[in-house]
Amino acid sequence: PKFMHHPVPTMTTPAPMMRCALAKSFGKAAAVVSMGTAPRPVLAPGNNTMLVRVKACSLSPSDYRMMSGDTRLVKTPKHGFPYIPGGDVCGEVIEVDPSCKEPKFKAGDDIIATWSMFGTGGMAEYHLVEMSLAVQMPPGITAVEGAA
């Protein structure tokens, strides 16, 4: 399906919503994570980022430590609760930062990405990814394998 550009949300234009998993507090994942909605991320020029439609996401030991509240090795969610867990994803590039002079990717590319050691947000329909943290998805692997 063709991507429809959404305007930057304003007081009169609410942000489009997306489905996602939300961690509402610290605790065991099964007890604190539930499905919900959140505003869809908006691409901001100048950040060398791209908007990605997430096809698969994996949870790493760091994700579980963050959800449990074990912050000795992992920082707490940088925007507080609720937050969208998940850092390693596979997805399709929807839009690339228009101010990037030499983008590595273009709309339609399948990529594998991580949101760094303390990143979150992968368990959602869409997320912003830094181009430096992504690679082209190799042929012959599935989205689930790419996110693993």
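Residues numbered from 1 in each chain as written. Predicted model: local features only at pLDDT ≥ 70, side-chain atom pairs only at ≥ 80, totals over all residues. Heavy atoms only, no water.

A. Inspection of the nonpolar core at higher detail. By size, the foremost hydrophobic cluster in this structure holds 14 residues, and its most contacted members are M50, F105, I111, V129 and A134. At the level of elements, β3 (49-58), β4 (88-96) and β5 (110-114) are the ones that each hand at least two residues to this core. If we ignore the near neighbours within four places in the chain, the residues touching A134 are M50, K104, F105, I111, I112, A113 and V129. Core analysis: the second largest hydrophobic core is formed by nine residues, C20, L22, A38 and A124 among them. (Core = buried A, V, L, I, M, F, W, Y, C linked by side-chain atoms within 4.5 Å. Buried < 20%, exposed > 50% of the residue type's maximum accessible area, 1.4 Å probe, protein only. Helix = DSSP H or I, 4+ residues; strand = E, 2+ residues; numbered from the N terminus. Contact = heavy atoms within 4.5 Å.)

B. Region of the structure containing the confidence of the model for the protein. The predicted model of the protein has a mean per-residue pLDDT of 83, with 82% of residues at 70 or higher. Note on residues 1-10: pLDDT is under 50 here. Beyond four places in sequence and across chains, it has 12 contacts. (pLDDT = per-residue confidence, 0-100.)

C. Spotlight on the pattern of salt bridges. Under the counting rule described, the total for this entry stands at four salt bridges. Residue E92 is joined to R53 by a salt bridge in which the shortest nitrogen-to-oxygen separation is 2.8 Å. Remark: R53 occurs in strand β3 and E92 occurs in strand β4; sequence separation between them is 39 residues. Here E92 falls in the partly exposed class, since its relative accessible area comes to 21%. (Salt bridge = Lys/Arg side-chain N within 4 Å of Asp/Glu carboxyl O.)

D. Up close: the packing of aromatic side chains. In total, this model carries two aromatic pairs according to the counting rule given. Between F26 and F81 the ring centres are 4.9 Å apart and the planes differ by 90°, which places this aromatic pair in the edge-to-face class. In this pair, F26 sits in the loop between β1 (17-23) and α1 (29-32) while F81 sits in the loop between α2 (61-68) and β4, placing the two residues 55 residues apart along the sequence. Taking 5.9 Å as the distance between ring centres and 55° as the angle between the ring planes, the aromatic pair formed by F81 and Y83 counts as tilted. Overall, the relative accessible area of 37% leaves F81 in the partly exposed class. (Phe/Tyr/Trp six-rings, centres within 6.5 Å; stacked < 30°, edge-to-face > 60°.)

E. The arrangement of α2 in detail. Among the residues making up α2, those that are buried are S62, D63, M66 and M67. In a view along the axis of α2, the buried residues occupy a sector of 135°, so they form one face of it. One or two positions beyond α2, positive phi appears at G69, with a value near 95°. (Arc of directions from axis to C-beta.)

F. Here's a closer look at unusual backbone geometry. The backbone of N48 sits at a positive phi, close to 50°, despite the residue not being glycine. Structurally, N48 is set in the loop between β2 (33-39) and β3.

G. Fine view of the pairing of β4. Sheet analysis places β3 next to β4, joined by eight bridges and oriented antiparallel. Across the sheet, V52 pairs through a bridge with V93, a residue of β4. The sheet contact formed by β4 and β5 spans five bridges and is antiparallel. For D88, the partnering residue across the bridge sits in β5 and is T114. (Pairing = 2+ DSSP bridges.)

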